[in-house]
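Residue strings, one per chain:
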Amino acid sequence: MDELRGAVLKLEGDLNDLLSATEDGAKPVDLRANKGRLSRMDEMHNQSILLANRTLTENRLRETRRARARFDAGDYGYCTDCGEPVGYARLRAYPDTPRCLACQSRRETDQD
Ligand SMILES: [Zn+2]
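Please read all numbers here as calculations on a predicted model, not as lab measurements.

Here the focus is the overall build of the chain. For the chain, the count of helices and strands is four helices and zero strands. Helices (α) and strands (β) of the chain occur, in sequence order from the N terminus, as α-α-α-α. Taken over C-alpha atoms, the radius of gyration comes to 19 Å for the chain, far larger than the 13 Å a tight globule of 112 residues would show. When its C-alpha atoms are laid out on the principal axes, the chain stretches across 60 × 35 × 20 Å. Across the 112 residues of the chain, 10% fall into the buried class. The contacts of the chain with a sequence gap of at least 6 include a subset with a gap of at least 24, amounting to 56%.

Okay, structure coming up:
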């Protein structure tokens with residue numbers, strides 16, 4: 001459990017670093033900057049990718065914070081849907097996961 005708690009905290013730190021590292025790129029593209037039209041379009045395209053990645057990172061960070069809260073509440077490692085223990089291998093791979101594999105795949109199937 002200590003190992004998994006460490007993994008959650010490390011993941012949270014890494015995601016925070018990633019967000020600060022991409023903060024500059026998330027600022028609005030300066031259209032008045034003295035650049036050719038094509039490079040501006042490139043820049044806006046690159047920014048749209050960067051913003052999409054940041055959204056994913058922010059969502060993951062939220063999930064990671066919830067995982068940390070579950071540690072504090074003492075119910076980390078139990079599926080938030082069915083209450084069964086989440087497999088250790090799964091927690092090692094995704095320390096922030098709130099659900100067991102069965103419940104996760106059920107949700108992903110429901111979304112389709
Ligand atoms: Zn479950």
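What follows continues from the structure just given.
Another point: the packing of helix α1 (residues 2-21) against helix α2 (residues 37-73). Contact geometry of α1 with α2 gives a least axis separation of 9 Å together with a crossing angle of 150 degrees. With respect to each other, α1 and α2 are oriented roughly antiparallel. By crossing handedness, the relation of α1 to α2 is classed as left-handed. Each of Arg-5, Val-8, Leu-11, Glu-12, Leu-15, Asn-16, Leu-18 and Leu-19 in α1 lies in contact with α2, whose residues at this interface are Arg-54, Thr-57, Glu-58, Arg-60, Leu-61, Thr-64, Arg-65, Ala-67, Arg-68 and Phe-71. Its residues assigned to classes, the contact of α1 with α2 shows eight nonpolar, three polar and seven charged.

This paragraph deals with the environment of Arg-99. Checked against the element boundaries, Arg-99 lands in the loop between α3 (88-93) and α4 (101-111). As for Arg-99 and Asn-59, which are separated by 40 residues in sequence, their C-alpha atoms are 16 Å apart. Apart from residues no more than four positions distant in its own chain, Arg-99 is found in contact with Cys-79, Thr-80, Asp-81 and Gln-104.

Our next topic: the environment of Asp-96. Note on placement: Asp-96 falls in the loop between α3 and α4. Remark: the alpha-carbon pair of Asp-96 and Leu-9, spanning 87 residues in sequence, is separated by 9.6 Å. The residues touching Asp-96, leaving out its near neighbours within four places in the chain, are Val-8, Leu-11, Arg-60, Glu-63, Thr-64 and Ala-67.

A few words on α2. Relative to the 54 Å expected for 37 residues at 1.5 Å per residue, α2 spans 53 Å between its end C-alpha atoms, a close match to the ideal helical length. Of the residues trailing α2, Gly-74 is marked for its positive phi of about 85 degrees.

Basis of the calculations
- Residues numbered from 1 in each chain as written.
- Predicted model: local features only at pLDDT ≥ 70, side-chain atom pairs only at ≥ 80, totals over all residues.
- Helix = DSSP H or I, 4+ residues; strand = E, 2+ residues; numbered from the N terminus.
- Rg over C-alpha atoms; globule rule 2.2 N^0.38 Å.
- Buried ≥ 20, exposed ≤ 12 C-beta atoms within 10 Å, placed from the backbone.
- Contact = placed C-beta atoms within 7 Å.
- Axes fitted to C-alpha atoms, helices over the stretch in contact; angles between N-to-C directions.
- Parallel < 35°, antiparallel > 145°, perpendicular 65-115°, else oblique.
- Left-handed = near helix turned anticlockwise from the far one by under 90°.
- Nonpolar A, V, L, I, M, F, W, Y, C, P; charged D, E, K, R; others polar.
- Expected span 1.5 Å × (residues − 1).

Nothing here speaks to function; it is all geometry.
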